[in-house]
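# Structure assessment
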Amino acid sequence: SEALGVARSTAHRLLAMLHSYRLVEQGANRAYRVGPVLAEIGLSALRQVDLRHQIRPFLEQLVAELGETAHFLIRDGANCRFLECLEGTHALRTTARVGIAYPAQATSGGKILLAQLEPDELLALFPSERLPEYNKKPFRTRTQLFAHLDKVREQGYALNWGETEMGIFAIGVVQRTSSGRIAGALA
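Read on for an overview of the structure. All figures in this text were calculated on a predicted structure; none of them were measured in a lab.

### Re the side chain of K111
Note that K111 resides in helix α3 (residues 108-114). Residue class for K111 comes out buried when judged on its relative accessible area of 1%. With near-sequence residues (within four places) excluded, K111 lies in contact with A104, Q105, F139, H148, L149, V152, A158, L159, N160 and E163.

Here it is in structure tokens:
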């Protein structure tokens, strides 16, 4: 409460919210410490530092050629996480979303990464026929999503027609390492 300049009750309420998201946890002495999700995010960032450095020239080239914002994403379970970004040069542009996670089926980069998975991997990520509602957009069922991913595989790219936010449109493609391993997606 002192560090934030808020009442103790407010600090406790904030910690309770962080605890519900597993960003912090309480030890036996009731003191709060870094939780598993926050620790994993930190470790993931450390693992991706070199990858972010390597992908930067590709993002610079995309922005130079198109003038549009370019993102690099990885799949994080059924979500995708934005690891690196270079904002476009147009006055009207998408802002950087580094560190933010969205449901993979709601982004172009996430869809192309889902399309790379085997059917059993997809079923493990989406065990229920009914998908969690996100932004009232096209995929309400697993069957709809899987049919769309078949189309994405066939065309080799994925589109986002305002599925994350109204007015944002994107195309996503897989980015592979020199050995052919999937590094993530460019959007």
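### Describing the nonpolar core
Membership of the largest hydrophobic core comes to 20 residues, with the highest contact counts inside it found for I112, L114, L122, F126, L145, F146 and L149. If you list the elements that add at least two residues to this core, you get β4 (79-86), α3 and α5 (142-155). The biggest single contributor to this core is α5, with four residues. If you look at the next biggest cluster of nonpolar residues, it comprises eleven residues, including I55, V63, L83 and A183.

### Some words on the packing of aromatic side chains
In the structure shown here, the tally under the stated rule is three aromatic pairs. Pairing F82 with Y102 gives two aromatic rings, centres 5.7 Å apart and planes at 80°, and the pair type is edge-to-face. Highlighted residues: F82 in strand β4 and Y102 in strand β5 (residues 101-103), separated in sequence by 20 residues. One exposure class covers both F82 and Y102, and it is buried.

Reading the values: rules and limits
Residues numbered from 1 in each chain as written. Predicted model: local features only at pLDDT ≥ 70, side-chain atom pairs only at ≥ 80, totals over all residues. Heavy atoms only, no water. Helix = DSSP H or I, 4+ residues; strand = E, 2+ residues; numbered from the N terminus. Buried < 20%, exposed > 50% of the residue type's maximum accessible area, 1.4 Å probe, protein only. Contact = heavy atoms within 4.5 Å. Core = buried A, V, L, I, M, F, W, Y, C linked by side-chain atoms within 4.5 Å. Phe/Tyr/Trp six-rings, centres within 6.5 Å; stacked < 30°, edge-to-face > 60°.

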